[in-house]
Amino acid sequence: MMSEDITTPDTTGETGPDTTASSQATVTQPAAQRSANLLRSGVGRNLGLVVALVVLCIVGVITAGDTFATGANVLTILRLAAVIGVVSVGMTFVITGGGIDLSVGAMVALASVWATTLATQQLAADYHWILMVSTALAVGAACGLVNGLLIAYGKIVPFIATLAMLAAARGLAEIISDRKTQIITVNSFVDFFGGSLIGVPVLVWIFLLVAAAGWVVLNRTTFGRRTFAVGGNAEAARLAGIKVQRHTVALYVVAGLCCGIAAVMLMARTTTGSSTHGQLYELDAIAAVVIGGTLLSGGRGTIVGTVIGVLIFTTLNNVFTLNNLSISAQSVAKGAIIVVAVLLQQRLAARTTSS
């Protein structure tokens, strides 16, 4: 009776239909799994962003024709993307570390105003324009330091602390400038930052250097690994020996430095310092970071994705402008893109957790 329950193997060398189906399933399943893993990976997300950027460029060529597909227009897009791109690199560090910074635009304005006061420009004219750059960087770093101290040691929620800095920095910029636009009279400063290197604007080179440095720091240094750890689980990072409070302060100082660099770039592009500089930069930077694939909850960030996200929004604005579409329509399109990006992030996160 027991021998009837034993299944003897097929020794004829033939493969039945069931065996073939199971073999195909065995082969197909890993391939499908590999495809899913690729889509969830950073490479897959960046590839999707590149495709979106290419599609947007195709739309620009179709709708705006030769006006869009010119070297001059490409340089215009890159020049416009450079300033907000540098701010977005700093924002990437903050959000990856589990924070948020709503004061970046106001910090850009304050740095530009402080670096273009009559006293600062007089010193720069007597000695060197590097004094203007140093002033802007120092102001940005100081504002970031205040943000970091309030959040890390004052235990104030990042949203509230940076919102307070937004109001204070913008107000201080208005007081210093007396709500007037300050014209830059140091010609050497304008000539250097407003020039080009091998046909590419210096501002674009600065953006590329900041993005490259940001990528190296975030992906190839201990500071970057600690940033991911703090953003993923601050308590676990503390138990692992990371000084979370000190690292949080450092992240906001990095964001402040990026705002100082952006202020210098904006001063060179407009030849002015003004309390109105940087309006809504915080929203544009957060949007670019989110579109790029950085999680708003922290723990995952990508500089490459942020750069592509900045280019997508800048190209979108350029296409809308060339087609004489209103700023309101641009805002609606931006809002829709942000919502779609966040929904996709949530779905990918849910799939990753379930798998």
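For clarity, every value in this text was computed on a predicted model and none was experimentally measured.

Undergrad: Teacher, can you tell me more about the overall build of the protein here?
TA: Helix and strand counts for the protein stand at 15 helices and four strands. Looking at the protein as a whole, 43% of its 355 residues are labelled buried. Surface accessibility of the protein: about 18,000 Å² in total, with carbon and sulfur atoms responsible for 67%.

Undergrad: Just checking my understanding: could you explain the UniProt feature "transmembrane region" (unreviewed entry) in the protein for this structure?
TA: According to UniProt, the feature "transmembrane region" (unreviewed entry) maps to residues 47-65, 77-96, 102-120, 127-150, 156-177, 189-218, 249-268 and 280-313 in the numbering used here. Between the end C-alpha atoms of residues 189-218 there is a gap of 31 Å, over a span that is 73% helix and 13% strand.

Undergrad: I'm lost on the pattern of salt bridges in this one. Help?
TA: Opposite charge on two side chains permits them to pair, given that their charged atoms come into close proximity. Following the criterion strictly, the structure yields three salt bridges and no others. In this structure, Arg179 and Glu174 form a salt bridge, with 3.4 Å as the shortest nitrogen-oxygen distance. Given a relative accessible area of 26%, Glu174 falls into the partly exposed group. Arg238 is the partner of Glu235 in a salt bridge, and the nearest nitrogen-oxygen pair spans 2.5 Å. Highlighted residues: Glu235 and Arg238, both in helix 11 (residues 234-239), separated by three residues, approximately one helical turn.

Undergrad: Can you help me understand the confidence of the model for the protein in this one?
TA: Detailed reading of the predicted coordinates is not advisable wherever pLDDT is low. Scored by pLDDT, the protein comes out at a mean of 85, with 85% of its residues at no less than 70. The low-confidence segment residues 1-29 (pLDDT under 50) makes two contacts with residues lying over four places distant or belonging to another chain.

Undergrad: Before we go on, may I ask you to explain the packing of aromatic side chains in this structure?
TA: Pairs of aromatic rings are described using the distance from one ring centre to the other and the angle between the two planes. Tallied over the full model, the rule gives six aromatic pairs. Here the aromatic rings of Trp129 and Phe189 are separated by 6.4 Å at their centres, their planes lie at 70°, and the arrangement is edge-to-face. With Trp129 in the loop between helix 5 (118-126) and helix 6 (130-152) and Phe189 in helix 8 (residues 187-193), this residue pair connects regions lying 60 residues apart in the sequence. As far as the burial class goes, Trp129 and Phe189 line up, both buried. One aromatic cluster in this structure is built from Trp129, Phe189, Phe192 and Phe193.

Undergrad: What should I look at first to understand unusual backbone geometry in this one?
TA: One non-glycine residue with positive phi stands out, namely Ile198, at about 50°. Here Ile198 lies in the loop between strand 2 (196-197) and strand 3 (200-201). Backbone geometry places Leu280, a non-glycine residue, at a positive phi of 65°. Structurally, the position occupied by Leu280 is in the loop between strand 4 (272-273) and helix 13 (281-292).

Undergrad: For this particular structure, what's the right way to read the side chain of Thr248?
TA: Here Thr248 shows up in helix 12 (residues 244-270). On the basis of relative accessibility, which here comes to 14%, the residue Thr248 falls in the buried class. Here Thr248 is in contact with Ile151, Ala152 and Val230, once residues within four sequence places are set aside.

Undergrad: Explain the environment of Leu75 here, please?
TA: For Leu75, the location among the structural elements is in helix 3 (residues 71-96). Measuring from C-alpha to C-alpha, the distance between Leu75 and Val204 comes to 8.6 Å, with 129 residues separating the pair along the chain. Here Leu75 is in contact with Gly199 and Pro201, once residues within four sequence places are set aside.

Undergrad: I'm lost on the side chain of Thr96 in this one. Help?
TA: Positionally, Thr96 belongs in helix 3. Excluding residues that lie within four positions of it along the chain, Thr96 makes contacts with Leu218, Thr227, Phe228, Gly231, Thr294, Gly298, Gly299, Arg300 and Gly301.

Undergrad: Looking at this model, I keep getting lost on the packing of helix 9 (residues 202-220) against helix 12. Mind explaining?
TA: Two quantities define a packed helix pair, namely the angle between the axes and the distance from one axis to the other. Relative to each other, helix 9 and helix 12 sit at 170°, their axes nearing to 11 Å. With respect to each other, helix 9 and helix 12 are oriented roughly antiparallel. Of the residues in helix 12, those touching helix 9 at Leu203, Ile206, Phe207 and Val210 are Ile261, Met265, Ala268 and Arg269. Of the residues contributing to the contact of helix 9 with helix 12, the split by class is seven nonpolar, no polar and one charged.

Undergrad: Whenever I open this one, the environment of Asn317 confuses me. Can you help?
TA: If you trace the backbone, Asn317 turns up in helix 14 (residues 303-322). Residue class for Asn317 comes out partly exposed when judged on its relative accessible area of 22%. If we skip the residues at most four places from it in the chain, Asn317 touches Gln330 and Lys334.

Undergrad: Whenever I open this one, the nonpolar core confuses me. Can you help?
TA: The nonpolar side chains of a soluble globular protein tend to be buried with one another. Among the nonpolar cores identified, the biggest contains 73 residues, and Val87, Val108, Phe189 and Phe193 are the most heavily contacted of them. Aside from chain neighbours lying at most four places away, what touches Phe189 is Trp129, Met132, Val133, Ile184, Val264, Met267 and Ala268. Formed by five residues, the second largest nonpolar core is a distinct cluster that contains Val94, Ala161, Tyr252 and Ala255.

Undergrad: What is the right way to look at a positive patch on the surface in this model?
TA: Together, Arg225, Arg226, Lys243 and Arg246 make up a positively charged patch on the protein surface. Mapped onto the elements, Arg225 comes out in helix 10 (residues 222-232).

Undergrad: Explain helix 5 to me, please; I cannot follow it from the model alone.
TA: Three- or four-residue spacings in an α-helix give side chains the same orientation, since the helix completes a turn every 3.6 residues. When we look at burial in helix 5, the residues that qualify are Thr120, Gln121 and Ala124. Projection of helix 5 onto a plane perpendicular to its axis shows the buried side chains occupying an angular sector of 95°, all on one side. When the buried face of helix 5 is taken as reference, the exposed residues oriented beyond 90 degrees from it are Leu118, Ala119, Ala125 and Asp126. Residues of helix 5 that are buried make contact with helix 4 (104-114), helix 6 and strand 1 (182-183).

Procedures and definitions
- Sequence order sets the numbering: in each chain, residues are counted from 1 along the sequence as written.
- In view of the model being predicted, local features appear only for residues whose pLDDT reaches at least 70, and side-chain atom pairs are presented and counted only at 80 or more, with totals across whole chains, interfaces and linings using the full set of residues.
- Side-chain metrics rest on all non-hydrogen atoms present in the structure, leaving aside hydrogens and water.
- Helix and strand assignments come from DSSP, with helices taken as H or I runs of at least 4 residues and strands as E runs of at least 2, each series counted from the N terminus.
- Think of it in three bands: with a 1.4 Å probe and only protein chains considered, a residue is buried below 20% of the maximum accessible area for its type, exposed above 50%, and partly exposed in between.
- Surface accessibility follows the Shrake-Rupley procedure with a 1.4 Å probe radius. Residue values consider only the protein chains on display as shielding.
- UniProt positions are given in the numbering used here, feature names are shortened, and annotations may be inferred rather than shown by experiment.
- Between Lys or Arg on one side and Asp or Glu on the other, a salt bridge is scored when a side-chain nitrogen of the former is within 4 Å of a carboxyl oxygen of the latter.
- The quantity known as pLDDT measures the predictor's confidence residue by residue, on a range of 0 to 100.
- We call two residues in contact whenever any of their non-hydrogen atoms come within 4.5 Å of each other.
- For this analysis, a ring pair means two rings from Phe, Tyr or Trp (six-membered ring only for Trp) whose centres lie within 6.5 Å, classed as stacked if their planes differ by under 30 degrees, edge-to-face if by over 60, and tilted for the remaining angles.
- Where helices are involved, their axes are fitted lines through C-alpha atoms of the stretch in contact, as for all axes, and angles between N-to-C directions lie from 0 to 180°.
- By the definition adopted for this analysis, an angle is roughly parallel if under 35 degrees, roughly antiparallel if over 145, roughly perpendicular if from 65 to 115, and oblique otherwise.
- Three classes are used: nonpolar for Ala, Val, Leu, Ile, Met, Phe, Trp, Tyr, Cys and Pro, charged for Asp, Glu, Lys and Arg, and polar for all others, with Gly counted as polar.
- What is meant by a nonpolar core is a set of buried Ala, Val, Leu, Ile, Met, Phe, Trp, Tyr and Cys residues, joined one to another through side-chain atoms within 4.5 Å.
- For patches, a residue must show more than 30% relative accessible area and have no salt bridge; joins then use 9 Å for like charges and 5 Å for nonpolar side chains, namely Val, Leu, Ile, Met, Phe, Trp and Tyr.
- In summary, the charge assignment counts Lys and Arg as positive and Asp and Glu as negative, without counting His or the chain termini.
- Charge positions are represented by NZ for Lys, CZ for Arg, CG for Asp and CD for Glu.
- Note that the arc is defined by the directions from the helix axis to the C-beta atoms.

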